[in-house]
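# Observations on chain architecture
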Amino acid sequence: MPALKTAATSQGEEIPPGLEYLSELKDSSPLQQLAACFPKFAEALKTDKAQEATECFAGWFWGAGFDLGVELPEWVKSASVKYWEAAGLNFTELKKGNSKDIGALVGLAENAPPSISPSKPEQAAQNLIKHIKTESGDFSATELKKYADARANALKMIQRIAEPPQRVKVFLTIACAWRQVEKMESAGEFHRWLVTHDLIAGGTDAAETRAVCRIIGFNPHGAAGRPPKKE
């Protein structure tokens, strides 16, 4: 499969029109990249909530391939990976030019609500999608089918992200609120915390919470945790 000439241009290579901003962003830190994509996160970085916001995003986006330099427990990393696997978009493969994940990205962009006044990152993203659509014509027949199928499946992906299964919500919660979660002294306390915050249904068996903890290797007793369960 030919590599897509997106923002990842080499030195001396001409940058496609409209992708200059993304080319500049590519050379910035992961923290700067996420701040550019999430204005509220960028605002939080300028306040006394900067560390809290950074730790939240560090856990959330670890599984998407963004290392913000925060020392994360292994169980937090595992929860983040599980969340992004469920979301269906593999950023690591996307960076490699995987046609399936490129198709998913295009499909997500096509189904996103239109913005009346798009920000600079949004404008750059729109230009990138146009560029990808043009270059997708160079895919082989096999890669083109993967690209088209993933693109058509985007609505289902959006639904999984907007209304994730309960277990996936717990993975996301652990990844984002890990500083609070790590203070839990028992699986029972963690379970009650999830119920209190309406993150799981009140009638959920506590065994489900214990199962999630086992999967990611989280030991809610103040310990570092055990190795994630192999499924």
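Criteria and cut-off values
- Residues numbered from 1 in each chain as written.
- Predicted model: local features only at pLDDT ≥ 70, side-chain atom pairs only at ≥ 80, totals over all residues.
- Heavy atoms only, no water.
- Helix = DSSP H or I, 4+ residues; strand = E, 2+ residues; numbered from the N terminus.
- Buried < 20%, exposed > 50% of the residue type's maximum accessible area, 1.4 Å probe, protein only.
- Polar contact = N/O pair within 3.5 Å; in protein donor to acceptor, adjacent residues only side chain to side chain.
- Contact = heavy atoms within 4.5 Å.
- Phe/Tyr/Trp six-rings, centres within 6.5 Å; stacked < 30°, edge-to-face > 60°.
- pLDDT = per-residue confidence, 0-100.
- Core = buried A, V, L, I, M, F, W, Y, C linked by side-chain atoms within 4.5 Å.

Secondary-structure assignment places E55 in helix α4 (residues 50-62). Residue classification places E55 among the buried positions, given a relative accessible area of 11%. Side chain to side chain, E55 and R179 meet in a polar contact 3.2 Å long. If we ignore the near neighbours within four places in the chain, the residues touching E55 are V70, W178 and R179.

A complete count under the given rule lists 14 aromatic pairs for this structure. Pairing Y83 with W84 gives two aromatic rings, centres 5.2 Å apart and planes at 75°, and the pair type is edge-to-face. The exposure class of Y83 is buried, given its relative accessible area of 7%. We classify W84 as buried; its relative accessible area is 10%. Judged by centre distance (6.3 Å) and plane angle (25°), the rings of F190 and W193 are stacked. Taken together, the residues F190 and W193, both in helix α13 (residues 187-196) and three residues apart, mark about one turn of the helix. Of the two residues examined, F190 and W193, each falls in the buried class. Taken together through their ring pairs, the aromatic side chains of F38, F41, F57, W60, F61, F66, Y83 and W84 make up a single cluster.

Attention now goes to the confidence of the model for the protein chain. Residues with a pLDDT of 70 or more make up 78% of the protein chain, whose mean pLDDT is 80. Confidence, expressed as mean pLDDT per element, reaches its minimum in the protein chain at helix α6 (residues 91-96) with 63 and its maximum at α4 with 96. Confidence drops under a pLDDT of 50 for residues 1-12, and excluding neighbours within four residues, the segment shows 32 contacts in the predicted structure.

Counting residues in each nonpolar core, the largest one holds 37 residues, and the members touching the most others are W75, I174, F190, W193 and I216. Counting only elements with at least two residues in this core, the list comes to α2 (30-37), α3 (39-44), α4, α5 (74-87), α11 (166-176), α12 (178-181), α13 and α14 (206-216). Among the elements that line this core, the one with the most residues is α5, at six residues. Once you skip the residues sitting within four places of it in the chain, F190 turns out to touch V170, I174, V181, M184, T209, C213 and F218.

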